[in-house]
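Analysis of the macromolecular model
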Amino acid sequence: MKKIIVIATVAVLAATGGVAFTALTAAQDPQETSQNAAEAKAITIWRDPGCGCCDAYADYLEANGFSVTRVDDRDFDKRSVEMGVPERGIGCHLAKIDGYVVSGLVPVEIIERLVSERPDITGITLPGMPANAPGMAPAKTGTLKTYAFGDGGVSVYSDE
């Protein structure tokens with residue numbers, strides 16, 4: 001079902017004393033809205049082509065509704081630093097979603113919170129390859145400390 005919005009403008013024509021009506025109709029298609037939501041969950045991952053945990057992590061993202069583009073990049077660590085990830089904070093791979101940089105095996109709920117809250121940061125990172133992180137384990141267990149980074153420095157973004 002389409003939602004129709006009609007805006008009417010009334011103009012008085014001084015010369016003729018008449019009134020003119022102009023209607024503008026805009027349709028919002030639910031399928032288009034669904035498509036926009038899917039685009040918001042599009043994520044690109046740069047990874048070492050031989051990394052099995054990166055593939056497992058990408059599969060995990062897809063299972064949670066993300067559309068994943070995988071890019072083989074043996075120098076993802078250099079790309080990470082170029083995109084603002086602190087050298088000591090580099091994760092297993094690099095990702096970009098909705099203008100944010102995400103480094104490492106960050107759980108989906110943290111990524112979704114990032115793009116929902118839209119903090120004034122460059123991105124987030126889960127450094128290294130924690131054994132209890134998605135992609136390393138079948139499911140996240142225990143706590144994981146994710147850091148925010150940007151012009152304001154580095155701080156804890158999530159410790160859950």
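Reading guide: rules and limits
- Residues numbered from 1 in each chain as written.
- Predicted model: local features only at pLDDT ≥ 70, side-chain atom pairs only at ≥ 80, totals over all residues.
- Heavy atoms only, no water.
- Helix = DSSP H or I, 4+ residues; strand = E, 2+ residues; numbered from the N terminus.
- Buried < 20%, exposed > 50% of the residue type's maximum accessible area, 1.4 Å probe, protein only.
- Contact = heavy atoms within 4.5 Å.
- Areas by Shrake-Rupley, 256 points an atom, 1.4 Å probe, with all protein chains shown as cover.
- Pairing = 2+ DSSP bridges.
- Axes fitted to C-alpha atoms, helices over the stretch in contact; angles between N-to-C directions.
- Polar contact = N/O pair within 3.5 Å; in protein donor to acceptor, adjacent residues only side chain to side chain.
- pLDDT = per-residue confidence, 0-100.

Some points on the overall build of the protein chain
In terms of regular secondary structure, the protein chain is built from 4 helices and 9 strands. Looking at the protein chain as a whole, 34% of its 160 residues qualify as buried. Nonlocal contacts in the protein chain, meaning residues at least 24 apart in sequence, comprise 47% of its contacts between residues at least 6 apart. Looking at the protein chain as shown, the accessible area adds up to about 9300 Å², and 52% of this sits on carbon and sulfur atoms.

Quick notes on the pairing of strand β7 (residues 123-126)
Neither face of β7 is open: one carries G123 and T125, the other I124 and L126, and all of them are buried. As judged from the 4 bridges shared by strand β6 (residues 100-104) and β7, these two strands associate in the parallel manner. Residue pairing across strands places S103 opposite T125, the latter belonging to β7. Pairing between β7 and strand β8 (residues 145-150): 3 bridges, direction antiparallel. Within β8, the position partnered with G123 by the bridge is F149.

Digging into the sheet that holds strand β9 (residues 153-159)
Strand order in the open sheet made by the 7 strands is β4-β3-β5-β6-β7-β8-β9, with mixed pairing throughout. Looking along the sheet, the strands with just one partner apiece sit at the ends: β4 (67-72) and β9. This sheet shows a mean twist of 25° between the axes of neighbouring strands, independent of strand direction. Direction of pairing for strand β5 (residues 94-97) relative to β6: antiparallel, over a ladder of 4 bridges. Of the residues in β6, the one forming a bridge with K96 is V101.

Some remarks on the side chain of S103
Inspection of the secondary structure puts S103 in strand β6. Since its relative accessible area comes to 0%, S103 is described here as buried. Among the polar contacts made by the side chain of S103, one reaches the side chain of T125 at a distance of 3.3 Å. Look past the residues within four positions of S103 in its chain and what remains in contact with it is V85, G89, I90, G91, H93, I124, T125 and L126.

Quick look at the confidence of the model for the protein chain
Averaged over all residues, the pLDDT of the protein chain is 80; the fraction at 70 or higher stands at 75%. When mean pLDDT is taken per element in the protein chain, β7 scores highest with 98 and strand β1 (residues 3-12) scores lowest with 32. This model gives residues 1-38 a pLDDT under 50, and the stretch forms 33 contacts once residues within four places in sequence are excluded.

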